[in-house]
Amino acid sequence: MAVERTLSIIKPDATRRGLTGRINARFEEAGLRIVAQKRIKLTREIAENFYEVHKDRSFFEDLCTFMTSGPVVVQVLEGEDAIVRNREIMGATNPVNAEEKTIRKEFGETVEANSAHGSDSPETAAREIVFFFSEVEIVG
């Protein structure tokens, strides 16, 4: 196993309901460390740039609208196999299909408002982390 870093976003549905601490506790209890974190309000331009890989997909407009609807918490998680572990902790994209005791099963409302985002590969994690954080903001 390798120590990795991954990007995590606590989405507007979760910040609106005051779930940031409970979600972060899940990561920490699973052995992931939060090595960078900030609460921000995405602009439309930032959301469109971040989700550019989905620009030709039917859900792109709704996704950008949702992600700009309230504050989010962007953070870098670090730990053994952090990318896979984060995705296991989050659960399936659709809360209905997520396993019990995952973030999306317990807190998600819909496929879009599923409370959390996580990088899906080392390449994506590298790109997503530098999108939101400079090296001096990541304290390992």
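A short tour of the structure in this document, coming up.

Cut-off values and rules
Residues numbered from 1 in each chain as written. Predicted model: local features only at pLDDT ≥ 70, side-chain atom pairs only at ≥ 80, totals over all residues. Heavy atoms only, no water. Buried < 20%, exposed > 50% of the residue type's maximum accessible area, 1.4 Å probe, protein only. Helix = DSSP H or I, 4+ residues; strand = E, 2+ residues; numbered from the N terminus. Arc of directions from axis to C-beta. Contact = heavy atoms within 4.5 Å. Phe/Tyr/Trp six-rings, centres within 6.5 Å; stacked < 30°, edge-to-face > 60°. Lys NZ or Arg CZ within 6 Å of the ring centre and 35° of its normal. Salt bridge = Lys/Arg side-chain N within 4 Å of Asp/Glu carboxyl O.

To continue, consider helix α5 (residues 82-90). For α5, every residue scored as buried is listed here: A82, I83, N86, I89 and M90. The arc that holds the buried residues of α5, viewed along the axis, is 130°, so those residues lie on one side. In the core, the buried residues of α5 are packed alongside β1 (3-10), α2 (20-29), β3 (72-80), α6 (103-107), β4 (116-118) and α7 (122-132). After α5 finishes, the residue G91 shows a positive phi value of roughly 90°.

Turning our eyes to something else, we now look at the packing of aromatic side chains. Under the defined criterion, the tally for this structure stands at 4 aromatic pairs. On the numbers, 4.8 Å between centres and 85° between planes, the contact of F50 with Y51 is edge-to-face. Per residue, the accessibility class of F50 equals that of Y51, and both read buried. Each residue in the set F50, Y51, F131 and F132 is aromatic and connected to the rest through ring pairs, giving one cluster. Taking the ring centre of F133 as reference, the NZ or CZ of K38 above it sits at 4.8 Å.

Counting across every chain of the model gives 11 salt bridges. Its salt-bridge partner being E109, residue R17 comes within 3.5 Å of it at the nearest N-O pair. With a gap of 92 residues between them, R17 in the loop between α1 (12-16) and α2 and E109 in the loop between α6 and β4 connect regions that are remote in the sequence. A salt bridge links E78 to R33, with the nearest nitrogen and oxygen atoms 3.6 Å apart. Of this pair, E78 sits in strand β3 while R33 sits in strand β2 (residues 33-40), and the two are 45 residues apart along the sequence. Look at R33 and you get partly exposed, because its relative accessible area is 41%.

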